[in-house]
Amino acid sequence: GPACKRSGGSDTRTPGAPTTMAAICQGCLCFQCVTTSEIGIIERCGRYERLAPPGLRCVCWPLETVAGRISRRIQQLDVACETKTSDNVFLNVIISVQYKVKEEYVYEAFYVLNDPSEQIKSYVYDVVRSTLPLLTLDKAFESKEMVAQSVKRELSGVMSEYGFVIHNALVTDISPDGRVKTAMNEINASKRLKEAAFEKAEGEKILLVKSAEAQAESKYLSGVGVARQRKAIVDGLRDSISQFSGNVKGSTPKDVIDLLLLTQYFDMLKEVGTQRGTRAVFLPRKKKSQVSAFRDGLLQAQAGRN
């Protein structure tokens, strides 16, 4: 406090009076609150003095000031970068970098780097534009994890000197030009249509093969049925001939066969006549002249056309 001397009930200042600076220091004490998620940087007369942990902190203003605050939280920086692939397709790539400042490196993080966000962006640009141009468009989409690991590895090696810890680097979006997207969709659609047509053809092939196999089996069974039918007819004819020859005296087996053939002939004519669309039935003659044969041929041809 100021040096004073009491005399005659009044205070008289001695020649060693306090300076103006001391008076200022005594009357300008103030408090600053630092939140839990931050660490304050206190400077005295422009020079770094100390750190201010979270809580209520005493600052002797104007000699001391809180020059800045460093967040203790994990922060995210989204970096948008444009580059091209080896097949000359331009891409817009968005990479999210998650980082945090180490508490023991707050001084370096605050005083060494002028703008940490811009410097992180510069390293991200460098990694992306040196990695993706070596890949094709399809490989770029498949190599998102590789690009993210390259960015994280590069940033971790550089930013750790300044107190920054890179927790993760994520490639959140790879977006080519709209026309390229449309072309890719058309290629994919054509591929799908080709696969669908192939599968459809395979299905039709299976149906045709199965149908042919069914027809072959059906014809085989039909042939077996016809053979059995004819065998039964022959057996019946044989039995009929035997019975007829035994019951009718003087008849020969030839007479019986002729009678049976005649009966079947008339049955055939009956079946033909009852069929839908039948116009005419021509009966052969034993003795036929050339004129009648020619006439019958013309009539048959005319009936066939009708």
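Residues numbered from 1 in each chain as written. Predicted model: local features only at pLDDT ≥ 70, side-chain atom pairs only at ≥ 80, totals over all residues. Heavy atoms only, no water.

Participant: Help me understand the overall build of the protein in this model?
Facilitator: Looking only at helices and strands, the protein features eight helices and 10 strands. Scored against the burial criterion, the 306 residues of the protein give a buried share of 20%. Within the protein, residue pairs in contact and separated by at least 24 positions form 61% of the contacts whose partners lie at least 6 positions apart. Surface accessibility of the protein: about 21800 Å² in total, with carbon and sulfur atoms responsible for 55%. (Helix = DSSP H or I, 4+ residues; strand = E, 2+ residues; numbered from the N terminus. Buried < 20%, exposed > 50% of the residue type's maximum accessible area, 1.4 Å probe, protein only. Contact = heavy atoms within 4.5 Å. Areas by Shrake-Rupley, 256 points an atom, 1.4 Å probe, with all protein chains shown as cover.)

Participant: Would you explain the packing of aromatic side chains in this entry?
Facilitator: Each aromatic ring pair is summarised here by two numbers: the centre-to-centre distance and the angle between the ring planes. Counted by the stated rule, this structure contains five aromatic pairs. With 4.9 Å between their ring centres and 80 degrees between their planes, phenylalanine 110 and tyrosine 111 make a pair best called edge-to-face. On the basis of relative accessible area, tyrosine 111 is assigned to the partly exposed category, the value being 30%. Taken together, Tyr48, Tyr107, Phe110 and Tyr111 form an aromatic cluster joined through their ring pairs. (Phe/Tyr/Trp six-rings, centres within 6.5 Å; stacked < 30°, edge-to-face > 60°.)

Participant: Whenever I open this one, the confidence of the model for the protein confuses me. Can you help?
Facilitator: Close reading of the predicted structure is inappropriate where its pLDDT is low. Per-chain confidence: the protein averages 78 in pLDDT, with 78% of residues scoring 70 or above. Considering only residues more than four positions removed or in separate chains, one finds that residues 1-25, a stretch of pLDDT under 50, has 17 contacts. (pLDDT = per-residue confidence, 0-100.)

Participant: I tried to follow the side chain of serine 150 on my own but got confused; where do I start?
Facilitator: On the secondary structure map, serine 150 appears in helix H5 (residues 144-159). From its side chain, serine 150 meets the backbone oxygen of methionine 146 in a polar contact 2.9 Å long. (Polar contact = N/O pair within 3.5 Å; in protein donor to acceptor, adjacent residues only side chain to side chain.)

Participant: For this particular structure, what's the right way to read the sheet that holds strand E5 (residues 47-52)?
Facilitator: Hydrogen bonds between backbone groups are what pair the strands of a sheet, and the pairing can be parallel or antiparallel. Strands sit in the order E5-E4-E7 across an open sheet of three strands; the sheet is antiparallel. Strands at the two margins of the open sheet, each flanked by one partner only, are E5 and strand E7 (64-71). In this sheet, adjacent strand axes meet at a mean angle of 30 degrees when their direction is disregarded. Note that strand E4 (residues 38-44) and E5 share five bridges and pair antiparallel. Bridging across to E5, isoleucine 42 finds its partner in arginine 50. (Pairing = 2+ DSSP bridges. Axes fitted to C-alpha atoms, helices over the stretch in contact; angles between N-to-C directions.)

Participant: Which parts of the structure should I look at to understand the sheet that holds strand E9 (residues 90-101)?
Facilitator: Pairing is antiparallel in the open sheet, where three strands are placed in the order E8-E9-E10. What marks the edges here is a single partner per strand, and that holds for strand E8 (75-84) and strand E10 (164-176). Taking each pair of neighbouring strands and ignoring which way they run, the sheet shows an average axis angle of 20 degrees. Where E9 and E10 come together, 11 bridges link them in antiparallel fashion. Bridging from a neighbouring strand, glutamine 98 pairs with asparagine 168 of E10.

Participant: Hey, could you run me through the packing of helix H3 (residues 116-131) against H5 in this one?
Facilitator: When two helices pack together, their arrangement is given by the angle between the helix axes and the distance between those axes. Remark: H3 packs on H5, axes separated minimally by 10 Å, with the N-to-C direction vectors making an angle of 140 degrees. Considering their axes alone, H3 and H5 lie oblique with respect to each other. For the crossing formed where H3 meets H5, the hand is right-handed. Judged by residue contacts, Ile120, Tyr123, Val124, Val127, Val128 and Thr131 of H3 engage Met146, Val147, Ser150, Val151, Glu154, Leu155, Val158 and Met159 from H5. Of the residues contributing to the contact of H3 with H5, the split by class is 11 nonpolar, two polar and one charged. (Parallel < 35°, antiparallel > 145°, perpendicular 65-115°, else oblique. Left-handed = near helix turned anticlockwise from the far one by under 90°. Nonpolar A, V, L, I, M, F, W, Y, C, P; charged D, E, K, R; others polar.)

Participant: Please explain H3 as it appears in this structure.
Facilitator: Think of an α-helix as 3.6 residues a turn; residues three or four steps apart then line up on the same face. Between its terminal C-alpha atoms H3 stretches 23 Å, which fits the 22 Å expected from 16 residues at 1.5 Å a residue. When we look at burial in H3, the residues that qualify are Pro116, Ile120, Val124, Val127, Val128 and Thr131. Angular distribution of buried residues about the axis of H3 spans 95 degrees; they occupy a single face of the element. Buried residues in H3 make contact with E8, E9, helix H2 (106-111), H5 and E10. (Expected span 1.5 Å × (residues − 1). Arc of directions from axis to C-beta.)

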